[in-house]
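Structure at a glance
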Amino acid sequence: MRIAIVSDIHANLPAFDAVVADWGQIDALWCLGDVVGYGPDPVACVDRLRDLEAVCIAGNHDWAAIGRLDLAEFSGAAAEAVRWTARQLTPSARAYLEGLPDRHLEGQFTLAHGSPRAPIWEYVLDRRSAEENFAAFSTATCFIGHTHRPIAYAMRSDPATGRPTVTVEPPVYREVAIDQGRHLINVGSVGQPRDGDPTARYVILDTERQTYLRRRVVYDITDTQQRMRQSGLPDVLQYRLAVGR
Ligand code: ZN
């Protein structure tokens, strides 16, 4: 099976459509949450995921938009965007977000938004938190998002001591094998990258070959920015799309 894995679309329809156009033939689509929030097209992004029959889990912005999280946890611009998003949701888009689970087991793979240990909120930002999270899932591989930064952590046994050791694996844009050891893979963000590269990011998983491939996709950022301006979303959110921060 060839599976596209996306995360943190954040209501950025031009970015999501560019990714859909990029992936070619796929057998399934998995989405790791934060479908909405920040961006100008929350309902269209929900509709697109539904049309594509995505397997989808919830992120913190999805829960905030349906009133399941306290806005005190969000920064000023993020909270403002959450309130704007909540006002846009149609009953059917709201029902879709309400039905999303907070983590999901898909065959041999665990899917979580932030981390397998605390799926809605935890940011896995370093080797130590990755190490602790390997104990929180039972499959060989887990896919996450939430930080908007593509990175991977691999657990393999040290040839000298036989003890499991976790290494940090910076993103590469070619096929990576996952047939040895265990892997915690952050797929990056479609709609609001924060690693200094503004292109939309996602992953193609090949379950037969036991590999994953990261993809970078150029999209029309000015299109999204213009839609945000028309919607009255905070300026700072428009600017950051251009710099990927
Ligand atoms: Zn997010």
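The coordinates are above.
The structure contained in this document is the topic of the report that follows. (Residues numbered from 1 in each chain as written. Predicted model: local features only at pLDDT ≥ 70, side-chain atom pairs only at ≥ 80, totals over all residues. Heavy atoms only, no water.)

1. A few points about helix α2 (residues 42-51)
- Listed in full, the buried residues belonging to α2 are Pro 42, Val 43, Cys 45, Val 46 and Leu 49. An end-on view of α2 places all buried positions within 165° of arc, on one side of the element.
- On its buried face, α2 sits against α1 (13-22), β2 (28-31), β3 (55-56), α4 (76-88) and α5 (91-98).
- Phi turns positive, to about 55°, at Glu 53, one or two residues after α2. (Buried < 20%, exposed > 50% of the residue type's maximum accessible area, 1.4 Å probe, protein only. Helix = DSSP H or I, 4+ residues; strand = E, 2+ residues; numbered from the N terminus. Arc of directions from axis to C-beta. Contact = heavy atoms within 4.5 Å.)

2. What to know about the packing of α1 against α2
- α2 packs onto α1 with a crossing angle of 20° between their chain directions and a minimal axis gap of 10 Å. It follows that α1 is roughly parallel to α2 by the angle criterion. As α1 packs across α2, the resulting crossing turns out to be left-handed. Facing α1, whose interface residues are Leu 13, Phe 16 and Asp 17, α2 presents Ala 44, Cys 45, Arg 48 and Leu 49.
- Its residues assigned to classes, the contact of α1 with α2 shows five nonpolar, no polar and two charged. (Axes fitted to C-alpha atoms, helices over the stretch in contact; angles between N-to-C directions. Parallel < 35°, antiparallel > 145°, perpendicular 65-115°, else oblique. Left-handed = near helix turned anticlockwise from the far one by under 90°. Nonpolar A, V, L, I, M, F, W, Y, C, P; charged D, E, K, R; others polar.)

3. Concerning the environment of Gly 107
- Tracing the backbone through its elements, the reader meets Gly 107 in the loop between β4 (103-106) and β5 (109-112).
- When its relative accessible area of 61% is taken as the criterion, Gly 107 is described as exposed.
- Put simply, Gly 107 and Glu 53 are 54 residues apart on the chain and 17 Å apart in space, counted from C-alpha to C-alpha.

Shape descriptors only; they carry no functional weight alone.
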